[in-house]
Amino acid sequence: MYTCILFLLVVGALAAGVGGRKLGEKGAGILTSSCLIISLSWSVLIFYEIILSFSTTHIKLWRWLDSDLLTVYFGLQFDGLVAIMLLVITTISTLVHIFSTAYMLGDPHIPRFMSYLSFFTFLMVVLVSSDNYLQLFIGWEGVGLCSYLLINFWLTRVEANKAAIKAMLVNRVGDIGLILAMFGLLDRFGSLEFSSLFNVVVVSAPSSDITLICLLLFIGAVGKSAQLGLHTWLPDAMEGPTPVSALIHAATMVTAGVFLLIRSSPFFEQAPLALMIVTIVGSLTVLFAATVGVIQNDLKKVIAYSTCSQLGYMVVACGLSHYSISLFHLMNHAFFKALLFLSAGSVIHALSDEQDIRKMGGLIKLIPLTYIMVVVGSLSLMGFPYLTGFYSKDLILELAFEQYYLTFAYWLGGFSALLTTLYSIRLVYLTFLSNTNSRKAIFRRVHEGSWNLVLPLIILALGSLFVGYLTKEVVWSFQITFPPIVPVFIKLLPVFLSLGGAALVIVLYFYSIHLFKVPSFIGRMGYTFLYSAWQFNYVLNYFLAKRVWRGGHQISYRTIDKGTLELVGPKGVSNFLIGLTRGLSNLQAGQVFNYALVILIGVAMFIWGVV
Amino acid sequence: MAYIASHLKTGITHQQRVMRLYRNSLKHLLSWCIEREVWREEALILRDRFDKYKNETNQQKIQKLLETGEAEFESKKHPYPYINPTSPDGSKWERNIPPPPHVLHMLPWEEEWYKEMCDWADGKN
């Protein structure tokens, strides 16, 4: 059962990819979705066995690399963390597969799309179930590759090409961090297996080596989980079809970075400095992404920045050493964010691929079910009491308050809660409640989707309502520290801030709509600054990427590759040999005295040798 | 959505230049205003500002007014204006472009060559 999950996913992906032409659009959808449904049922069984029956499983499949320095097995490790991740991945992926069969209807490349989705899921399962860093890295790179393929699914679009290349390149920066961390682990501990490493590290004293390794691991997580600095690929990745956004940017790929932090927690516990940096970067990401999300006009980009912000909360929880709470938020976030993305897909599908919320509005009467879904997802995201998001988000904020030297994480997170409410209600208002700005021809055709478009939304809505409540005890049981004791005011502050955000939206959009016209100069500057995500793209491109590119061209390409290496290497050798042979060929000029000279030299040497 | 490049200004008539300024101002105004009613009010004010000088005959003054208007537009235009999904740079632009005809259909000489190859493969030649 444990290995069959992997096998089934890869079989589905290959069958749809290679035999897609024979299977057809419907066949590919049914096959891959069926494989995912079976994988999901096995994941539930694994969850039961591992979490509820306390039976951790470790399977060594085969010896993969064997050298004097390093021996690596291909193995699968199923513990509590993996069981929860598996359940999240397969649940969301199954629902996304079913949703895609309706959403992508009419696209000429459905089998390819379904194949990519299944292959992506397979590699994500490889990532989470690996028992060593090298195998984890295969899954890590694999999901990077699949994200490239999925973002670039509409490969005739130049914007999609650019977004996919950007995702690939930005992720490579993080990957270099992970590779260097693996080198560091190999150098320091001589192994890459989790069990060996974690057993050694818990008894070793904190050192600068471990701090460095943790920081390198964190660079990997920053790239994958789109934290401040390497976040620029995430909003651009919305170029892919909406189900891709739901799968990659809600439940799977972006959570890989957080998973890496949780998996490497024994190392981070030995590196307090690294934990502090993790907390700082996470809390800044929470605030940054929330401020940008407030004024985005693209429906998917609002949700994308929201994802970035929520990932910040997870990273903050890791930085505060509360890894199980981070995992709890990861699981809860997967449900309500997938719901929001798929609901956005439903809206976009209904409005003939319109994504700009400035051209929406008035949809509440035409697609009421989708409206309910968006409201449920948004309330859960805002941390509305007793919904799924509430249990983890508020807990993270309370835990942040406990840390006396990093209380600012609490204040940034609390203020971001206000912004979260602001952009969530703004999204609901502009999409569903305001007067419509759609074209009449499009507006008249708006209707709810077919059953396979609606069913995943209903299931995810149930998850967004109840998963937090149902699983809080399970996840809390992993926690080795006691729940924080904080003043009632601090406990309630995030709720008050959220209510403040809601009140602000109502005042702004319901009663002061006339304010939304061409702003003043300062207003325009602020708007442009926030809309362009604090000008991060500009700063990174013009001050970093361009200089690195120029340096790479001058030093690496022209001086080393085309200069030194060419002169010493092929070109130098070739020039030398050409000169030599030309000199030798000049000796054979057809002149008798030349031959006589050679004969004379030969005879002289012979006589000298004999004598 | 760039308004109009300076090197193109010389290639159009004065009327076209004013029309483009007006149309683009309206479009960018619509990107700023969320509600249609607010946009309508602003659009009327904009129209008044254009109508105010429609009977102006002094060429130098007209030129100056137009340049001032264009400069104002440049400073006030929306940094990320609304783009129709199927228009260039829209969210649906270039999605699943059909392949060019020469990929789908064979030219006469290609058909002839293909037939010859099929015959050769079938052993007819």
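Residues numbered from 1 in each chain as written. Chains lettered and ligands numbered in written order. Predicted model: local features only at pLDDT ≥ 70, side-chain atom pairs only at ≥ 80, totals over all residues. Heavy atoms only, no water.

- As named in an unreviewed UniProt entry, chain B is NADH dehydrogenase [ubiquinone] 1 beta subcomplex subunit 9, taken from Acropora cervicornis.
- The record held by UniProt for chain B lists under Function (unreviewed entry) the comment "Accessory subunit of the mitochondrial membrane respiratory chain NADH dehydrogenase (Complex I), that is believed to be not involved in catalysis. Complex I functions in the transfer of electrons from NADH to the respiratory chain. The immediate electron acceptor for the enzyme is believed to be ubiquinone."
- Its UniProt record gives chain B the following Subunit (unreviewed entry) comment, quoted word for word: "Mammalian complex I is composed of 45 different subunits." (UniProt positions renumbered as here; feature names shortened; annotations may be inferred.)

- Within an unreviewed UniProt entry, the label attached to chain A reads NADH-ubiquinone oxidoreductase chain 5, and the organism entered is Acropora valida.
- Regarding chain A, the relevant UniProt record gives this comment under Sequence similarities (unreviewed entry): "Belongs to the complex I subunit 5 family."
- UniProt annotates chain A under Subcellular location (unreviewed entry) with the comment "Mitochondrion inner membrane".

**Overview of the nonpolar core**
Burial of nonpolar side chains together is a common tendency in soluble globular proteins.
Working step 1: In this structure, Met85, Ile92, Tyr133, Phe218, Trp233, Phe267 and Phe268 of chain A are the most contacted members of the largest nonpolar core, which totals 183 residues.
Working step 2: Ignoring any residue separated from it by four or fewer positions in sequence, one finds isoleucine 92 of chain A in contact with Ala246, Ala251, Ala334, Phe335, Ala338 and Leu460 of chain A. (Core = buried A, V, L, I, M, F, W, Y, C linked by side-chain atoms within 4.5 Å. Buried < 20%, exposed > 50% of the residue type's maximum accessible area, 1.4 Å probe, protein only. Contact = heavy atoms within 4.5 Å.)

**Some details on the interface of chain A and chain B**
Working step 1: The interface of chain A with chain B comprises 33 residues on the first partner and 28 residues on the second.
Working step 2: Summed over both partners, the interface of chain A with chain B comes to about 2,900 Å²; 54% of that surface belongs to carbon and sulfur atoms.
Working step 3: For the pair chain A and chain B, the interface holds three salt bridges.
Working step 4: As a salt-bridge pair, lysine 517 of chain A and glutamate 42 of chain B come within 3.6 Å of each other at their nearest N and O atoms.
Working step 5: The interface formed by chain A and chain B contains 16 residue pairs in polar contact (both at pLDDT 80 or more).
Working step 6: For the side of chain A that touches chain B, the secondary-structure elements that each account for two or more residues are helix H18 (408-433) and helix H22 (521-531) of chain A.
Working step 7: Here the side of chain A that touches chain B gets four residues from one element, more than from any other, and that element is H22 of chain A. (Buried area = accessible area lost by both parts, 1.4 Å probe. Salt bridge = Lys/Arg side-chain N within 4 Å of Asp/Glu carboxyl O. Polar contact = N/O pair within 3.5 Å; in protein donor to acceptor, adjacent residues only side chain to side chain. Helix = DSSP H or I, 4+ residues; strand = E, 2+ residues; numbered from the N terminus.)

**A few points about the UniProt feature "signal peptide" (unreviewed entry) in chain A**
Working step 1: Here the UniProt feature "signal peptide" (unreviewed entry) sits at residues 1-20 of chain A.
Working step 2: Structurally, residues 1-20 of chain A comprises 90% helix and 0% strand, and the distance from its first C-alpha atom to its last is 26 Å.

**Some remarks on the confidence of the model for chain B**
Working step 1: With 91% of its residues at a pLDDT of at least 70, chain B reaches an overall mean of 88.
Working step 2: On the interface metric, ipTM, the complex scores 0.82, and its pTM is 0.88. (pLDDT = per-residue confidence, 0-100.)

**Describing the side chain of threonine 91 of chain A**
Working step 1: Among the structural elements, threonine 91 of chain A can be located in helix H3 (residues 80-103).
Working step 2: When neighbours within four sequence positions are excluded, threonine 91 of chain A is seen to be in contact with Leu40 and Phe335 of chain A.

**Some thoughts on the packing of H3 of chain A against helix H11 (residues 253-263) of chain A**
Residues and elements named next belong to chain A.
Working step 1: Where H3 meets H11, the closest approach of the two axes is 11 Å, and the angle between their N-to-C directions is 170 degrees. Taken together, the axes of H3 and H11 lie roughly antiparallel to each other. Considering how the two elements wind past one another, H3 and H11 form a crossing that is right-handed. Contacts between H3 and H11 involve Leu81, Val82 and Met85 from the former and Thr255, Phe259, Ile262 and Arg263 from the latter. (Axes fitted to C-alpha atoms, helices over the stretch in contact; angles between N-to-C directions. Parallel < 35°, antiparallel > 145°, perpendicular 65-115°, else oblique. Left-handed = near helix turned anticlockwise from the far one by under 90°.)

**Observations regarding the pattern of salt bridges**
All names here are of chain A.
Working step 1: Inspection of the entire model under this criterion finds 23 salt bridges over all chains.
Working step 2: The closest approach of N and O atoms between aspartate 79 and arginine 263, which form a salt bridge, is 3.0 Å. One end of the pair, aspartate 79, is in the loop between strand E2 (71-78) and H3; the other, arginine 263, is in helix H11, and 184 residues separate them in sequence.
Working step 3: Through salt bridges with shared partners, a single ionic network connects Lys60, Asp131 and Glu193.

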